[in-house]
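Next come the chains, spelled out residue by residue.
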Amino acid sequence: MHYIIANWKATKNLEEAEAWLKQFLSYLEADRIVRERLESGALKIVICPAYHLLSVVKSTISSIPNFAIGTQDVSSFEAGNFTGEVSARNLSGLVEFAIIGHSERRQYLGETNETVEEKTSLSKKYGIAPIVCIRDKNDVIPHEAELVAYEPVYAIGTGENEPLEKVLALRQSLQLGDNMRFLYGGSVNEHNIVQYSSAKEIDGFLIGTASYEAKSFYNAIRASL
Ligand code: PGA
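What you see is a predicted model; the values in this text were computed from it and never measured. (Residues numbered from 1 in each chain as written. Predicted model: local features only at pLDDT ≥ 70, side-chain atom pairs only at ≥ 80, totals over all residues. Heavy atoms only, no water.)

**Q** Can you help me understand the pattern of salt bridges in this one?
**A** Two side chains carrying opposite charge are able to pair once their charged atoms lie near each other. Throughout the structure, instances matching the rule amount to 13 salt bridges. Here K125 makes a salt bridge to E78, at a shortest N to O gap of 2.6 Å. Here K125 is found in helix α6 (residues 113–125), whereas its partner E78 is found in the loop between β3 (67–71) and α4 (88–91), with 47 residues between them in sequence. Take K125: its relative accessible area is 54%, and that puts it in the exposed class. Taking the shortest distance from any N to any O, the salt bridge between R106 and D139 comes out at 3.7 Å. Of this pair, R106 sits in helix α5 (residues 103–108) while D139 sits in the loop between β5 (129–134) and β6 (147–150), and the two are 33 residues apart along the sequence. Take D139: its relative accessible area is 6%, and that puts it in the buried class. Where salt bridges share partners, they join D73, R105, E111 and K119 into one cluster. (Salt bridge = Lys/Arg side-chain N within 4 Å of Asp/Glu carboxyl O. Helix = DSSP H or I, 4+ residues; strand = E, 2+ residues; numbered from the N terminus. Buried < 20%, exposed > 50% of the residue type's maximum accessible area, 1.4 Å probe, protein only.)

This is the structure we're talking about:
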């Protein structure tokens, strides 16, 4: 299975998300090949919007097989009096995936390897598959991670995707459990995705900028097949 995961970050209000979904679904409707890949389980598309959009995205895509939603974070608190926090328990039954430890959260919001481990474990406890982001081989990969997204900081949002050989060398240096899947993220787009998608060591992608427009995200999916 190939995972193509959209990380919308803090973009999009309700109106923009609805327009994106409408456009994306019209492409999907017209494209038997992508629909067949989803139906057969060869492809999984995951949209990770900010919290306010989770329900609307979910209700729009829920009838499409292997089209899922994820959150961009979970709280390190399990439940209780923590105003403003959204916990894995809050999200259980709503999302299938959680991005954990994105480098932007490590840089701006104090995320550490310790909080990444706590959040991974809470996600698992509540039935949410953790997508753990690492910046290099020194970041800790909790044993409960299901997907590991390698995202070198210099490549995020810069247009400077990391050359395939380097991604493969990093992949080689990791001790991933048998059940863990390896994703690459960092300026992936419709023009450069094909080189990675043909490498059997890479199980999918975490896509930021190129997922903000429905057309460029769809084109990236199409180009990866
Ligand atoms: P980018 O973002 O595709 O804009 O580089 C990827 C990410 O931060 O997950």
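Let us keep going from here.
**Q** How do you make sense of the pairing of strand β4 (residues 97–100) when you look at a structure like this?
**A** Within a regular strand, the side chains alternate between the two sheet faces. Judged by which residues are buried, β4 turns out to be covered on both faces: F97 and I99 on one side and A98 and I100 on the other are all buried. Both β3 and β4 contribute to a ladder of two bridges, which runs parallel. Paired with G70 across the two strands is F97, which belongs to β4. Sheet topology places β4 next to β5; four bridges connect them, and they run parallel. Bridge pairing in β5 links I99 to I131. (Pairing = 2+ DSSP bridges.)

**Q** How should I be thinking about helix α1 (residues 14–29) in this particular structure?
**A** Side chains that are three or four residues apart share a direction in an α-helix, a result of its 3.6 residues per turn. For α1, spanning 16 residues, the distance from its first C-alpha to its last is 22 Å, which sits close to the expected 22 Å at 1.5 Å a residue. Those residues of α1 lying buried are A17, W20, L21, F24 and L28. Relative to the axis of α1, the buried residues are bounded by an arc of 100 degrees and lie together on one face. Of the exposed residues in α1, the ones pointing more than 90 degrees away from its buried face are E15, K22 and E29. Against the buried residues of α1 lie α2 (32–40), β2 (43–48), α3 (54–61), β3 and α9 (214–224). Its side-chain oxygen placed 3.2 Å from the backbone nitrogen of E15, N13 serves as the N-cap of α1. (Expected span 1.5 Å × (residues − 1). Arc of directions from axis to C-beta. Contact = heavy atoms within 4.5 Å. Polar contact = N/O pair within 3.5 Å; in protein donor to acceptor, adjacent residues only side chain to side chain.)

**Q** Help me understand the site of the ligand in this model?
**A** The full set close to the ligand counts 13 residues, and K9, H102, G157, S187 and T209 are the nearest of them. For the ligand, an oxygen atom lies 2.7 Å from a polar atom in the backbone of G157. Classifying every residue of the shell around the ligand gives four nonpolar, seven polar and two charged. (Near = heavy atom within 4 Å. Nonpolar A, V, L, I, M, F, W, Y, C, P; charged D, E, K, R; others polar.)

By themselves, these are just geometric observations and shouldn't be taken as functional.
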